[in-house]
Number of protein chains: 2
Amino acid sequence: MADTALADAEKGSGQDANVVRVDLGERSYDIKIGRGLLATAGADIASVLPGARLAVVADETVARLHLRDFTKSLNAAGLEHSVIVVPPGESTKCFSEFERLCDEILAAKLERGDAVVALGGGVVGDLTGFAASAVRRGMAFIQVPTTLLAQVDSSVGGKTGINSRHGKNLIGAFHQPALVLADTAILDTLSLREFRAGYAEVAKYGLLGDADFFAWLETNWQAVFAGSSEREEAVARSCQAKADVVAADERESGRRALLNLGHTFGHALESAVSYETERLVHGEGVSIGMMLAHEFSERLGLLDEETTMRVRRHLTDVGLPVRTGEIPGQLPPAETLMDIIAQDKKVSRGALTFILTRGIGEAFVEKGVDPAQVLDFLKEKLAG
Amino acid sequence: MADTALADAEKGSGQDANVVRVDLGERSYDIKIGRGLLATAGADIASVLPGARLAVVADETVARLHLRDFTKSLNAAGLEHSVIVVPPGESTKCFSEFERLCDEILAAKLERGDAVVALGGGVVGDLTGFAASAVRRGMAFIQVPTTLLAQVDSSVGGKTGINSRHGKNLIGAFHQPALVLADTAILDTLSLREFRAGYAEVAKYGLLGDADFFAWLETNWQAVFAGSSEREEAVARSCQAKADVVAADERESGRRALLNLGHTFGHALESAVSYETERLVHGEGVSIGMMLAHEFSERLGLLDEETTMRVRRHLTDVGLPVRTGEIPGQLPPAETLMDIIAQDKKVSRGALTFILTRGIGEAFVEKGVDPAQVLDFLKEKLAG
Ligand SMILES: NC(=O)c1ccc[n+]([C@@H]2O[C@H](COP(=O)([O-])OP(=O)(O)OC[C@H]3O[C@@H](n4cnc5c(N)ncnc54)[C@H](O)[C@@H]3O)[C@@H](O)[C@H]2O)c1
Ligand SMILES: NC(=O)c1ccc[n+]([C@@H]2O[C@H](COP(=O)([O-])OP(=O)(O)OC[C@H]3O[C@@H](n4cnc5c(N)ncnc54)[C@H](O)[C@@H]3O)[C@@H](O)[C@H]2O)c1
Ligand SMILES: [Zn+2]
Ligand SMILES: [Zn+2]
């Protein structure tokens, strides 16, 4: 694998890479996907922002594993840069790290035309993107996502932000990057658990709108996990799926809601375990949540049992949890989960909005879901 | 005066008000200018954002003087609202107040379709606008500017932000309001010094691009200060002037730079007195700065002596300072001022960018100013 990366680097700026174009008028940009891209990242950045000085942000873990390779490639391209290291973990998405990051970007004396780079997972991407949006009312921003979740989800769409004591991601900005470089080799150092969690979002794109992609994943998921070229294809198809939705709906009014398939139930579960990642990481919540969305759709007579079973089988095959019972420790009662959902979704005149589905690739937004029915369903699921 | 305001209120939603439309495509909005507008503010807001719940932000001083009238008009229009009070003064534009404000807006449980209202001067407008841009990645925002400076300058253009230890206004967002309500009667409680400081920006619009307006001000400034209907006209023409520039150049690349007439020298002076407002407020710095820009233009042979004298006479008439010697206390040497200017402007290959002028209403951007010439000029001015 290292050889391939090197060979790519010698060839120059990753000619084999997949490129997904995110179409947003004058804010359009490319997501470049390929194995070993880190080695040519400097050249790629220089071609988009010639002569830019960079402030590179990474968490301690990613800095330890990948910063050297990255800065080597920046040096090779003659790009001046400074490095800002933040602690790893969700709690880094907070006001005080935001302040510190803004201050350090300013201390690095970046000017217009310079850029801020996020080298990391969704946490570093969200925090750094928000700081980039705010410093001088908007610095150029580059994403080098290092988790599968960040490559297929958080680095596409321009949402950036931090958490507040009132909830997750409540403070932030829409700030599109100038370039996204997704090196699939970088995922080799990710824990299996984190890889799987990101994979839940990959499967989601199939389930919400692309039955062919889901079938392809059923056949090829092992190669995706192993790091063969199928991984690049899975990342590229996922980015393309999200980019299509985002281009149609940049500011999230209609279609973009489909991306929340599995997320209403998932968020409730994450909140129920107080976001303790030892018990449940986001992608695991999404996996269980997607399963619940299918089962609930089946309950409403929208979906046949076989389809639900097929989804369950695939998620189970890759090692993702599909039942609330798989979450270690005690869960709160269904009523508490319903309260979380109602708060989260803002019940409008007694009805809930959910993403439901009529089949694989056929998710849709349903605005008239009866909370009582959801409650009954959850009671049963928590009991079973 | 109070009678006029009441009469306006009884007539309904300020039919006599001047309206300046800021043309920014789907982000377009109206600036409504009139005496006594506060009494009908609720109705005006309700017509733009029907059914919105509001979080109203004011500093202690403005809250004490004007909050009751404002909330009365919100109540009359049936608009639910909560109030957030911040300390007065420039130091309120900081990270910790930003965090507190975001938290309180969230605590007020505003949803999409609800709005954040800034009732105050530029400090409250800048801080509140930035918080409005960030909470839920963008809440609707309404400005009710209560200083002359805020009515003619800071509430037009969409710039919002806070200060950093690296400099003023370095952290923020472009966030356009949905409506601006400029009640000229509210300025009656402003100190003469603050009114004058705002007037420097009014005069600036004449000097930078509208000789007729400057001539009109020479004739009518006393009525503007006294609060006759000329005040509304002065505010409206100023807003129109800024709106025209902003519409042509929303994100500040070219023409918008003309608005910085007098500001390079002015900022250097503000910085030289460490932003101690007892010694110099922003508008006073701008007044001296505009004077220096004219004198420097004269020195370069761009402007005749009579024009410079005419400008000096008008600024002196209204009571604004026109010489660095009028700033109480010791000033640093010319070299220090030059360092501040060079830092502020980022000298590109030894040349400075300045706004110079060829006559009243004929300011232009000059990119090739020789720092040595500026230094000589400043030495002389500080000595004289
Ligand atoms: N902006 C969006 O649209 C969007 C979408 C989905 C999720 N998110 C956000 O993304 C965040 C979750 O992202 P995440 O799952 O990437 O979390 P993360 O950034 O915390 O990364 C997970 C862990 O993996 C480590 N890591 C990262 N890359 C690694 C690598 N290559 N090798 C070894 N370890 C590595 C990190 O140090 C961290 O400990 C959440 O805050 C969520 O809100 C944002
Ligand atoms: N966003 C922009 O485009 C822009 C443009 C110019 C200036 N600004 C910013 O504006 C700020 C200065 O604005 P400002 O001069 O309005 O300062 P300010 O908001 O501090 O107001 C000045 C003082 O007047 C008081 N006050 C306000 N309204 C009053 C009233 N009606 N009666 C009595 N007292 C009143 C305030 O409490 C304060 O003490 C600076 O921070 C500057 O950076 C922003
Ligand atoms: Zn997700
Ligand atoms: Zn000014």
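Counting starts from 1 at the beginning of each chain's written sequence and moves along it residue by residue. Naming scheme: in the order in which they are written, chains are lettered from A and ligands are numbered from 1. For a predicted model such as this one, the threshold for reporting local features is a pLDDT of at least 70, and the threshold for listing and counting side-chain atom pairs is 80 or more; totals across whole chains, interfaces and linings nevertheless cover every residue. Based on all heavy atoms of the structure, the side-chain values leave hydrogens and waters out of the count.

Peer 1: Just give me the short version of the relation of the copies chain A and chain B, but keep the residues and values in it.
Peer 2: Only residues with pLDDT of at least 70 in both copies count here: their C-alpha atoms drive the least-squares fit that superposes the copies. Overlay of chain A on chain B (RMSD 0.0 Å): rotation 180 degrees, translation along the axis 0.0 Å. Classification of the inter-copy transformation places it as that of a two-fold axis.

Peer 1: Give me the lowdown on the coordination of the zinc ion (ligand 4), citing residues and values where you can.
Peer 2: Residues and elements named next belong to chain B. Think of the donor list as every N, O and S atom within 2.8 Å of the metal, or within 3.2 Å for Na, K and Ca; water never makes the list, so a site can look incomplete. At this site the zinc ion (ligand 4) is bound by E201 (OE), H263 (NE2) and H282 (NE2), with donor distances of 2.0 to 2.1 Å. Spacing between the donor residues of the zinc ion (ligand 4) along the chain follows E-x61-H-x18-H. Here E201, found in helix α7 (residues 192-209), pairs with H282, found in helix α11 (residues 282-299); they are 81 residues apart in sequence, far enough to count as distant. Overall, H282 belongs to the partly exposed group, its relative accessible area being 23%. Runs of E in the DSSP output that reach at least two residues are strands. Runs of H or I that reach at least four are helices, and both are numbered from the N terminus. For every residue, the accessible area (1.4 Å probe, protein chains only) is compared with the maximum for its type, and the residue is labelled buried under 20%, exposed over 50%, or partly exposed between those bounds.

Peer 1: I'd like to hear about empty space enclosed by the protein, residue by residue, with values.
Peer 2: Buriedness of a pocket was judged along seven lines, with at least five required to meet protein on both sides within 12 Å; pockets are open sets of points on a 1 Å grid over the protein atoms alone, cavities are sets where a 1.4 Å probe fits but cannot get out, and lining residues have an atom within 4 Å of a point. Grid points are joined across faces, edges and corners, and a volume is the space filled by probe spheres set on the points. Applying the stated rule across the entire model yields 2 cavities of 30 Å³ or more. Here the largest cavity defines a volume of roughly 40 Å³. Those elements that provide at least two residues to the lining of the largest cavity are α10 (263-272), α11 (282-299) and β10 (352-357) of chain A. The dominant element in the lining of the largest cavity, judged by the number of residues it contributes, is α10(A), at 3 residues. Here the term charged refers only to Asp, Glu, Lys and Arg, the term nonpolar to Ala, Val, Leu, Ile, Met, Phe, Trp, Tyr, Cys and Pro, and the term polar to all other amino acids, Gly among them. Residues belonging to the lining of the largest cavity are distributed by class as follows: 5 nonpolar, 5 polar and no charged. There is about 40 Å³ of room inside the second largest cavity. B:N260, B:L261, B:G262, B:H263, B:T264, B:F265, B:A293, B:F354 and B:I355 are the residues that line the second largest cavity. The set of elements that each furnish at least two residues to the lining of the second largest cavity consists of α10 (263-272) and β10 (352-357) of chain B. Among the elements that take part in the lining of the second largest cavity, α10(B) stands out by supplying 3 residues, more than any other.

Peer 1: Let's hear about the interface of chain A and chain B: which residues, and what values?
Peer 2: For an interface, size is often stated in terms of accessible area lost upon the parts coming together. In this assembly, 29 residues from chain A lie in contact with 29 residues from chain B. Between chain A and chain B lies a buried interface of about 2600 Å² when both sides are counted; carbon and sulfur atoms form 56% of it. A carboxyl oxygen of Asp or Glu within 4 Å of a side-chain nitrogen of Lys or Arg is what we treat as a salt bridge. Its salt-bridge partner being B:R165, residue A:D103 comes within 3.2 Å of it at the nearest N-O pair. The term polar contact refers here to a pair of N or O atoms within 3.5 Å; inside protein, the definition further demands a hydrogen-donor-capable atom paired with an acceptor-capable atom, and it admits residues adjacent in sequence only when both atoms are side-chain atoms. Applying the counting rule to chain A against chain B returns 12 residue pairs in polar contact (both at pLDDT 80 or more). Looking at the side of chain A that touches chain B, the elements that each hand over two or more residues are α4 (95-107), α5 (122-134), β7 (159-164) and β8 (167-174) of chain A. Ranked by residues supplied to the side of chain A that touches chain B, first place goes to α4(A) with 7 residues. When checking whether two residues touch, look at their non-hydrogen atoms; a contact exists if any pair is within 4.5 Å. Accessible area that two parts lose when put together, with a 1.4 Å probe and added across both, is what the buried area reports.

Peer 1: Tell me about the site of ligand 1, and name the residues and values.
Peer 2: Residues and elements named next belong to chain A. By convention in this text, a residue qualifies as near a molecule or strand provided that one of its non-hydrogen atoms is within 4 Å of it. In the region of ligand 1, 25 residues are neighbours, and D59, E90, T146, T147 and T189 sit closest. Contacts to ligand 1 include D59, whose side-chain N or O atom sits 2.7 Å from an oxygen atom. Take K168: an N or O atom from its side chain is 3.4 Å from an oxygen atom of ligand 1. Only the protein chains shown count as cover for residues, and all accessible areas are computed by the Shrake-Rupley method using a 1.4 Å probe. Protein chains shield 86% of the accessible area of ligand 1, which is 860 Å² for the free molecule. No other element matches helix α3 (residues 60-76), which puts 4 residues into the shell around ligand 1. Tallied by class, the residues present in the shell around ligand 1 amount to 7 nonpolar, 9 polar and 9 charged.

No statement about biological role is implied by the geometric values presented.
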